[in-house]
Amino acid sequence: MIYSAWIRQLQSLTIVLFTFIISGQTDVPRPRGVSLSKASLYSPTKDFTCFDGTSTIPFSYVNDDYCDCFDGSDEPGTSACLNGVFYCTNAGHRPQNIPSSRVNDGICDCCDGTDEYATPGTCSNVCEELGREARAKAQQLADLHKAGNHLRLELIEKGNKKRSEMAVQLSQLEKDKAEAELIKSEKEALKNELEAKENEALQVYRDAEEKERQRNAEIERQQREKEAREHFDKYDVNSDGTLTIDEIQKALIFDRNKDGEVDQEDILHFFGDKDSVNLEYFISTTWPMLKPLFMTNQGLFQPAVNEEEAEEPEVDEEEEAARDTEDVGGDDDDNIDEIPHDHTDDHDIEPDQSGKYDEETQKLIDEATEARRQLTDAERTVREIESNMRTFQQNLEKDYGPQQEYATLDGQCLEYEDKEYIYKLCLFQKVTQKSKNGGMEVGLGEWGEWAGEEGKKYSVMKYTNGLACWNGPHRMSTVNLNCGLESKLTSVTEPFRCEYKIEFTTPAACDDSNLAQQETSHDEL
Ligand code: MAN
């Protein structure tokens with residue numbers, strides 16, 4: 001045990017020394033796989049404390065190919081810890097952190113080849129070449145951003161102008177609305193006033209109509225009564241003012257089964273289980289029940305025609321119908337009691353033959369109609385102003401980017417075609433898809449929100465709640481914004497069913513300062 005500890009110490013010393021020699025090529029000597037920024041945490045004159053603070057070990061244990069720290073911080077230059085981090089200096093290109101488990105695994109991860117130090121010659125140093133390419137690309141990007149940035153500044157100016165114009169328009173609409181509401185309430189008051197007059201005039205017609213209705217009802221009632229009385233008199237053979245079962249049985253017209261007799265039970269039913277009925281009961285109860293029966297029989301048993309008539313080859317149906325009606329209704333209305341009816345009263349107010357009102361009433365109706373029309377117009381105007389205001393308010397509340405650079409793009413539509421579909425992105429509104437083989441436009445989402453990751457919020461747009469996918473969720477689209485000198489869609493894909501990814505270039509996404517920030521964050525690796 002003591003021997004093995006001694007061996008471990010000796011090995012460690014050799015490895016650490018070797019490491020320091022290798023890293024000694026840079027200014028600050030440090031163990032292998034340690035970045036410049038972390039060099040001070042590895043001091044050969046002190047014990048090493050794991051980054052997570054869980055233990056402190058002799059410095060000789062650092063990079064001794066044995067994992068002592070839970071966080072792998074004691075083995076940055078070996079693959080002993082699964083969770084360690086190896087730092088590639090990559091001089092000439094970008095430094096890089098790789099998982100230390102990849103150290104000496106036979107695969108070149110660092111462009112300077114330092115991760116494969118156990119087998120020198122396995123990896124050649126290609127950092128200069130890669131760095132050159134990366135720098136050229138970065139330069140291109142920087143040039144693009146610089147050129148695009150001019151356009152972005154223009155968009156910012158236009159965006160701010162658009163917003164302030166919208167604010168002015170909104171406050172104008174607020175004034176318009178106040179005015180329109182005033183007009184509306186004036187029109188409403190006028191309408192109420194004229195409608196009251198119209199109502200008053202029409203009430204005269206309504207009253208007359210009601211009077212007429214009552215008069216007709218009374219005529220009908222009297223007709224019914226007259227008819228019932230006539231039948232009563234007919235069947236009351238002894239004219240004693242009482243109709244008996246016996247008397248009605250003689251009226252064979254009620255012989256329903258045509259056996260020459262009127263069923264006594266039926267009569268009892270019509271008589272309310274009494275032997276006889278008086279005129280009053282007959283009118284109110286018996287006749288209304290008997291009449292349908294009477295009418296049926298009347299239709300079935302036509303009165304016998306005399307020979308002369310029988311010779312007539314054709315029967316005038318109209319005449320016959322008229323005769324039937326007479327039979328049913330009894331005599332004509334000649335004897336109907338006159339209902340008092342003051343026509344002079346009605347003369348002025350009844351609509352004339354063509355259904356028109358008197359001149360004065362018609363004038364009031366026309367005035368009220370016009371007032372109603374004007375109120376409807378005034379209400380429509382208020383609604384239209386309110387709807388415009390809502391649009392302006394919604395647009396003013398929309399997040400058009402930190403400097404309004406996206407404001408002028410609102411509503412602009414761009415298309416992209418692939419083999420199967422034509423996609424359309426209407427910025428801040430919606431995304432659609434249309435099959436080239438025809439069919440309906442499919443909604444792939446409506447404007448939702450900016451959804452870029454922290455610090456890059458304005459690099460991604462989300463359009464959600466599109467048409468429901470068959471047996472699945474609603475379609476939605478993610479729009480990635482890239483710097484470009486013109487606004488266009490460069491690709492549309494569907495990485496997951498009903499989830500669409502759109503690449504969109506626009507000068508609004510070009511920003512020198514953003515680029516500078518990105519570069520800084522790369523260097524920090
Ligand atoms: C349509 C298109 C496709 C989508 C399927 C899902 O064909 O909207 O993009 O994948 O429906 O059923």
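Scoring rules and cut-offs
Residues numbered from 1 in each chain as written. Predicted model: local features only at pLDDT ≥ 70, side-chain atom pairs only at ≥ 80, totals over all residues. Heavy atoms only, no water. Helix = DSSP H or I, 4+ residues; strand = E, 2+ residues; numbered from the N terminus. Buried < 20%, exposed > 50% of the residue type's maximum accessible area, 1.4 Å probe, protein only. Contact = heavy atoms within 4.5 Å. Areas by Shrake-Rupley, 256 points an atom, 1.4 Å probe, with all protein chains shown as cover. Disulfide = S-S within 2.5 Å. pLDDT = per-residue confidence, 0-100. Near = heavy atom within 4 Å. Polar contact = N/O pair within 3.5 Å; in protein donor to acceptor, adjacent residues only side chain to side chain. Nonpolar A, V, L, I, M, F, W, Y, C, P; charged D, E, K, R; others polar. Pairing = 2+ DSSP bridges. Axes fitted to C-alpha atoms, helices over the stretch in contact; angles between N-to-C directions. Core = buried A, V, L, I, M, F, W, Y, C linked by side-chain atoms within 4.5 Å. Salt bridge = Lys/Arg side-chain N within 4 Å of Asp/Glu carboxyl O. Phe/Tyr/Trp six-rings, centres within 6.5 Å; stacked < 30°, edge-to-face > 60°. Lys NZ or Arg CZ within 6 Å of the ring centre and 35° of its normal.

**Brief notes about the overall build of the protein chain**
Reasoning step 1: For the protein chain, the helix and strand inventory stands at 10 helices and 14 strands.
Reasoning step 2: The proportion of buried residues among the 525 residues of the protein chain is 32%.
Reasoning step 3: Considering only residue pairs separated by 6 or more positions, the protein chain has 45% of its internal contacts joining residues 24 or more positions apart.
Reasoning step 4: Total accessible area on the protein chain stands at roughly 32,600 Å², and carbon and sulfur atoms take up 50% of it.

**Here's the deal with the state of the cysteines**
One way to say it: the disulfide is the covalent bond shared by the sulfur atoms of two cysteines.
Reasoning step 1: Taken as a whole and judged by the stated rule, the model has eight disulfides.
Reasoning step 2: Across the disulfide from C67 sits C81; the S-S distance is 2.0 Å. On the sign convention where negative is left-handed, the bridge of C67 and C81, at about 110° about the S-S bond, is right-handed. With C67 in the loop between β2 (56-57) and β3 (85-88) and C81 in the loop between β2 and β3, this residue pair connects regions lying 14 residues apart in the sequence.
Reasoning step 3: Since its relative accessible area comes to 32%, C67 is described here as partly exposed.
Reasoning step 4: Bridging C469 to C498, the disulfide has an S-S length of 1.9 Å. A torsion of 60° about the S-S bond marks the disulfide between C469 and C498 as right-handed.

**Re the confidence of the model for the protein chain**
Reasoning step 1: Put simply, the protein chain has an average pLDDT of 85, and 79% of its residues get 70 or more.
Reasoning step 2: Contacts for the low-pLDDT stretch residues 1-6, under 50 throughout, to residues beyond four places or in other chains number zero contacts.
Reasoning step 3: The model gives residues 300-304 a pLDDT under 50, and that stretch makes three contacts with residues more than four places away or in other chains.

**Thoughts on the site of the ligand**
Reasoning step 1: Surveying the vicinity of the ligand reveals the residues Y421, Q433, C469, R475, E494, R497, C498 and Y500.
Reasoning step 2: In the model, an oxygen atom of the ligand is placed 2.9 Å from a nitrogen or oxygen of the R475 side chain.
Reasoning step 3: A distance of 2.6 Å separates an oxygen atom of the ligand from a polar atom in the side chain of E494.
Reasoning step 4: Burial of the ligand by the protein chains amounts to 70% of its free accessible area of 300 Å².
Reasoning step 5: Here the residues of the shell around the ligand are counted per class, giving four nonpolar, one polar and three charged.

**Some points on the sheet that holds strand β9 (residues 430-435)**
Backbone-to-backbone hydrogen bonds pair the strands of a sheet. The strands run either parallel or antiparallel.
Reasoning step 1: An order of β7-β8-β9-β10-β11-β12-β14-β13 is seen for the eight strands of this open sheet, with the pairing classed as mixed. The open sheet has two edge strands, β7 (413-417) and β13 (488-496), and neither has a second partner. Each strand of the sheet is rotated relative to its neighbour by a mean of 25°, with strand direction disregarded.
Reasoning step 2: Two strands pair when backbone bridges link them, and strand β10 (residues 442-450) and strand β11 (residues 460-464) are joined in this way by four bridges, in the antiparallel orientation. Across the sheet, the residue bridging to W447 is Y463, located in β11.

**Some thoughts on the nonpolar core**
Reasoning step 1: Residues Y406, L427, M461 and F504 are the most contacted members of the largest nonpolar core, which totals 37 residues.
Reasoning step 2: Listing elements by their share of this core, those giving two or more residues are α2 (127-235), α9 (359-397), β8 (421-426), β10, β11, β12 (476-483), β13 and β14 (499-506).
Reasoning step 3: Those residues in contact with F504 that sit more than four places away from it in its chain are L409, L414, L425, L427, V479, N480, L481, N482, S487, K488 and L489.
Reasoning step 4: Of all hydrophobic cores here, the second largest spans 16 residues; its members include I267, F271, V277 and F294.

**Topic: the pattern of salt bridges**
It is possible for side chains of opposite charge to pair when their charged atoms get near one another.
Reasoning step 1: Scanning the entire structure with this criterion turns up 26 salt bridges.
Reasoning step 2: Two residues, R224 and E220, come together in a salt bridge whose shortest N-O distance is 3.8 Å. Taken together, the residues R224 and E220, both in helix α2 and four residues apart, mark about one turn of the helix.
Reasoning step 3: Judged by relative accessible area, R224 falls into the partly exposed class, the value being 46%.
Reasoning step 4: Salt-bridge contacts for D410 lead to K398; the nearest nitrogen and oxygen are separated by 3.2 Å. Of the two residues, D410 sits in the loop between α9 and β7 while K398 sits in the loop between α9 and β7, which places them 12 residues apart along the sequence. Here D410 matches K398 in class, with each residue buried.
Reasoning step 5: Three or more residues joined by partner-sharing salt bridges are found here, namely K191, E195, E198 and R372.

**Some words on the environment of D377**
Reasoning step 1: On the secondary structure map, D377 appears in helix α9.
Reasoning step 2: C-alpha separation for the pair D377 and K187, spaced 190 residues apart in sequence, amounts to 9.5 Å.

**Points about the side chain of D64**
Reasoning step 1: In this structure, D64 sits in the loop between β2 and β3.
Reasoning step 2: A distance of 3.0 Å separates a polar side-chain atom of D64 from the backbone nitrogen of Y66.

**Remarks on the packing of aromatic side chains**
Reasoning step 1: Evaluated as defined, the whole model comprises 15 aromatic pairs.
Reasoning step 2: Aromatic pair Y421 and Y423: ring centres 5.8 Å apart, planes at 65°, arrangement edge-to-face.
Reasoning step 3: When the centroid spacing of 5.9 Å and the interplanar angle of 80° are considered together, the rings of W447 and W450 count as edge-to-face. Comparing W447 with W450, the two get one shared label, buried.
Reasoning step 4: Every member of this aromatic cluster is reached through a ring pair, and the members are Y400, Y406, F428, W447, W450, Y458 and Y463.
Reasoning step 5: R32 extends its terminal NZ or CZ atom over the ring of Y117, reaching a point 3.4 Å from the ring centre.
Reasoning step 6: The residue whose ring lies beneath K274 is Y281, and the NZ or CZ to ring-centre distance is 3.7 Å.

**Quick word on unusual backbone geometry**
Reasoning step 1: Phi at F428 takes a positive value of approximately 65°, unusual for a residue other than glycine.
Reasoning step 2: Tracing the backbone through its elements, the reader meets F428 in the loop between β8 and β9.
Reasoning step 3: Exposure remark for F428: the relative accessible area of 2% places this residue in the buried category.

**Things to note about the environment of T122**
Reasoning step 1: Inspection of the secondary structure puts T122 in the loop between β4 (96-99) and α2.
Reasoning step 2: Here T122 falls in the partly exposed class, since its relative accessible area comes to 41%.
Reasoning step 3: Setting aside residues up to four positions removed in sequence, T122 forms contacts with G106 and C108.
Reasoning step 4: A polar contact of 2.6 Å, which involves the side chain of T122, links it to the backbone oxygen of T119.

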